[in-house]
Amino acid sequence: MNDRHENGPRRVGQVKEVTSLANPIIKDIKNLTQKKGREESGTFMAEGLKLVIDALELGWTIRTLVYAKAAKGKPLVEQAAVKTVASGGLVLEVSEKVISSITRRDNPQMVVGIFDQKWKPLRDIRPAAGETYVALDRVRDPGNLGTIIRTADAAGASGVILVGDCTDPFSLETVRATMGSVFAMPVARASVDEFLSWRKTAGVSVVATHLAGSVDYRTIDYKKKPVVLLMGNEQSGLPPQLASQADQLARIPQQGRADSLNLAIASAVMLFEARRHLLELAMVK
């Protein structure tokens, strides 16, 4: 980040009280609901104390912590504020009216964090034995992407690769749908050509879902190599350029009247099958 970011001029380790919607700092934060604002600042917004704490514990850089006056004095909020100031961030104590305006909710979370975005360079992904990645071609729906990131985290996958023109994983809607998994799941992005070039040297087995697939997804050997599950666009599925480069074209058998599955559901089915040999029930304490 340079010296001017979503908060205007850099304010190191400050605590401020803000009550006006016209405050320029608040206006800059609200700009993060727009893709242009996120791209220009390299930051994004996460709602809720749990998400903020998870992010801090996982080493994400917090730029601004915003909390409503009603949350002041709560131990976990105070701890988050101390960590924010210690890392040179800005802490804002605001009215509920201001935090509702920021989150565009009538019943908002009491805490919001502004964090630096993190992208995993595709060239740095070298899948090891037992690892599973999800590659998504032109995923368009923020809810689908957020749910897939959350599901990949739950299944123990190692990352998500966005191929082509995908929706923004750091949008407010996507981050909400991840339920915090956006902080735990590495996300990479690539053009179709970059992805196909990477897979040639990555030593992976690419399993793609396709309506023309002739292989039952349950019969595939997911143990031989690291696996990349390649999932197509919600409306049009995988284009021939990608489908033709898959090692296996798989299909999920269906019986009812529905002719297709939601992308997030299909990704979940594939993920848990691909990792079934690696998953065990944890003992309940």
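This one's a predicted model, so the numbers in the text were calculated from it and none came from an experiment.

Counted according to the given criterion, the structure contains eight aromatic pairs. Seen from their ring centres, Trp-119 and Phe-170 are 5.4 Å apart, and the 85° between their planes marks the pair as edge-to-face. On the criterion of sequence distance, the pair formed by Trp-119 in the loop between β7 (111-116) and β8 (132-137) and Phe-170 in the loop between β9 (159-163) and α7 (172-178) is long-range, its members being 51 residues apart. By relative accessible area, which is 24% here, Trp-119 ends up partly exposed. Phe-170 sits in the buried class, given a relative accessible area of 2%. Three or more aromatic residues link up through ring pairs in this structure, and these residues are Phe-44, Trp-60, Phe-115, Trp-119, Phe-170 and Phe-183.

Most of β7 is tucked away, with six of its six residues classed as buried. Burial along β7 is two-sided: the residues Val-111, Gly-113 and Phe-115 and Val-112, Ile-114 and Asp-116 are all buried. Direction of pairing for strand β4 (residues 43-47) relative to β7: antiparallel, over a ladder of five bridges. Bridged to Glu-47 within β7 is Val-112. Bridging between strand β5 (residues 62-68) and β7 involves five bridges; their strand directions are antiparallel. Across the sheet, Tyr-67 pairs through a bridge with Val-111, a residue of β7.

Packing of helix α6 (residues 142-155) against helix α10 (residues 263-274) leaves a shortest axis separation of 9 Å and a crossing angle of 15°. In terms of their interaxial angle, α6 and α10 are classed as roughly parallel. At the point where α6 passes α10, the crossing takes the right-handed sense. The residues of α10 that touch α6, namely those facing Asn-144, Thr-147, Ile-148, Thr-151, Ala-152, Ala-154 and Ala-155, are Leu-263, Ala-264, Ser-267, Ala-268, Leu-271 and Phe-272.

Let us now look at the nonpolar core. With 29 residues, the main nonpolar core has Leu-136, Leu-162, Val-207, Tyr-222, Leu-229 and Met-270 as its most contacted residues. Taken together, the elements giving at least two residues each to this core come down to β8, α6, β9, β13 (227-231) and α10. With six residues, α10 is the largest single contributor of residues to this core. Excluding anything up to four places from it in sequence, Tyr-222 contacts Val-207, Tyr-217, Val-227, Leu-229, Met-270, Glu-273, Ala-274 and His-277.

Attention shifts here to the pattern of salt bridges. Under the counting rule described, the total for this entry stands at 12 salt bridges. One salt bridge connects Asp-247 with Arg-199, and the closest N-O pair in it is separated by 2.9 Å. Remark: Arg-199 occurs in helix α8 (residues 192-201) and Asp-247 occurs in the loop between α9 (240-243) and β14 (248-251); sequence separation between them is 48 residues.

What follows is about the sheet that holds β7. With mixed pairing, five strands are arranged side by side in an open sheet as β3-β6-β5-β7-β4. If you trace the sheet from one side to the other, it starts and ends with β3 (14-18) and β4, each paired once. Strand-to-strand twist of the sheet, defined as the mean angle between neighbouring strand axes without regard to direction, takes the value 20°. Judged from the five bridges that link them, β5 and strand β6 (residues 90-94) form a sheet pairing that is parallel. Across the sheet, the residue bridging to Leu-65 is Val-91, located in β6. Packing of helix α5 (residues 96-103) onto the sheet brings it into contact with β3, β4, β5, β6 and β7, and relative to β5 it is tilted by some 130°.

Note that Leu-261 resides in the loop between β14 and α10. Residue Leu-261 is classed as partly exposed on the basis of its relative accessible area of 37%. Residues Leu-261 and Val-215, 46 residues apart in the sequence, show an inter-C-alpha distance of 17 Å. In contact with Leu-261, not counting residues within four places along its chain, are Ile-252, Gln-254 and Ala-266.

Calculation criteria
- Residues numbered from 1 in each chain as written.
- Predicted model: local features only at pLDDT ≥ 70, side-chain atom pairs only at ≥ 80, totals over all residues.
- Heavy atoms only, no water.
- Phe/Tyr/Trp six-rings, centres within 6.5 Å; stacked < 30°, edge-to-face > 60°.
- Helix = DSSP H or I, 4+ residues; strand = E, 2+ residues; numbered from the N terminus.
- Buried < 20%, exposed > 50% of the residue type's maximum accessible area, 1.4 Å probe, protein only.
- Pairing = 2+ DSSP bridges.
- Axes fitted to C-alpha atoms, helices over the stretch in contact; angles between N-to-C directions.
- Parallel < 35°, antiparallel > 145°, perpendicular 65-115°, else oblique.
- Left-handed = near helix turned anticlockwise from the far one by under 90°.
- Contact = heavy atoms within 4.5 Å.
- Core = buried A, V, L, I, M, F, W, Y, C linked by side-chain atoms within 4.5 Å.
- Salt bridge = Lys/Arg side-chain N within 4 Å of Asp/Glu carboxyl O.

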